[in-house]
Amino acid sequence: MAKISPVLRSWRGLSRWRAGRWLFTRVVCGKAPYFSTISPCIAKLDIGLCEASITRHRRITNHIGSIHAIAMCNLAELVGGLMTDASVPAGMRWIPRGMQVKYLKKAMGKLTATAVPAQPFRESESGYEELAMVGLVDESGDKVFEAAIAMWITPKPKSQTA
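Described below are features of the structure shown in this document. Given the structure is predicted, the values throughout are model-derived calculations rather than measurements. (Residues numbered from 1 in each chain as written. Predicted model: local features only at pLDDT ≥ 70, side-chain atom pairs only at ≥ 80, totals over all residues. Heavy atoms only, no water.)

So, on to the overall build of the protein chain. Scanning the protein chain for helices and strands turns up 3 helices and 6 strands. Reading the helices (α) and strands (β) of the protein chain from amino to carboxyl end gives α-α-β-β-α-β-β-β-β. On C-alpha atoms alone, the protein chain measures out to a radius of gyration of 16 Å, which is about the 15 Å that the 2.2 N^0.38 rule sets for 162 residues. With the C-alpha coordinates of the protein chain rotated into their principal frame, the extents come out at 50 × 35 × 25 Å. Of the contacts made within the protein chain by residues no fewer than 6 positions apart, 64% connect residues no fewer than 24 positions apart. (Helix = DSSP H or I, 4+ residues; strand = E, 2+ residues; numbered from the N terminus. Rg over C-alpha atoms; globule rule 2.2 N^0.38 Å. Contact = heavy atoms within 4.5 Å.)

Have a look at this one:
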């Protein structure tokens, strides 16, 4: 069996318990505190997939009362990063390199984000760029936002692969 990432192993261990998804989300937000500003709820994580949601609240609204563009970018980076971490081969590491976004509709209520890779991540002896594709839909299922996050994938240093 292929070695899975520590993040995916933690998800699989915690998510089967009643408060496990909540606890996993809190741990992720503890490691990267800026994510806590949007109060996310991670719902799914597996190789090639991550899903999470946010609900409109005052802290993440803009001057017209809809969910702020940067809150949606924050959610996209969260699901894109978790999906990438769960999906890259064990000998590889990643970092976001850039993001292209499209705002498609006024974002209100609860938003659900889904991240998938544009192509499967692969083992490589050199660095390469791969896209994490993210879509956000509102409660009616309408897409309100989409992003293509460029992930820079490189081999881990030999000291980190043992």
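Time to look at the sheet that holds strand 4 (residues 110-117). Taken in spatial order, the 6 strands make up an open sheet running 1-2-4-5-6-3, and their pairing is antiparallel. Whereas interior strands pair on both sides, the edge strands pair on one side only; in this sheet they are strand 1 (41-46) and strand 3 (92-103). For this sheet, the mean angle separating the axes of adjacent strands, direction not counted, is 20°. Across 5 bridges, the pairing between strand 1 and strand 2 (residues 49-55) is antiparallel. The residue bridging Cys41 from the neighbouring strand is Ser53, located in strand 2. (Pairing = 2+ DSSP bridges. Axes fitted to C-alpha atoms, helices over the stretch in contact; angles between N-to-C directions.)

Once that is clear, we can look at the pairing of strand 2. For strand 2, a buried count of 5 out of 7 residues is recorded, marking the element as mostly surrounded by other parts of the structure. Once strand 1 ends, the chain turns through 2 residues before running back antiparallel as strand 2, passing Gly48 with a positive phi of about 80°. Examined bridge by bridge, strand 2 and strand 4 share 6 bridges and lie antiparallel to one another. Within strand 4, the position partnered with Ser53 by the bridge is Thr112. (Buried < 20%, exposed > 50% of the residue type's maximum accessible area, 1.4 Å probe, protein only.)

The next point concerns a nonpolar patch on the surface. Taken together, the side chains of Trp22, Leu23 and Val27 define a hydrophobic patch exposed on the protein surface, amounting to about 310 Å² of accessible area. Looking at the element boundaries, Leu23 is found in helix 2 (residues 20-31). (Patch = residues over 30% accessible without salt bridge, like charges linked within 9 Å, V, L, I, M, F, W, Y side chains within 5 Å. Areas by Shrake-Rupley, 256 points an atom, 1.4 Å probe, with all protein chains shown as cover. Salt bridge = Lys/Arg side-chain N within 4 Å of Asp/Glu carboxyl O.)

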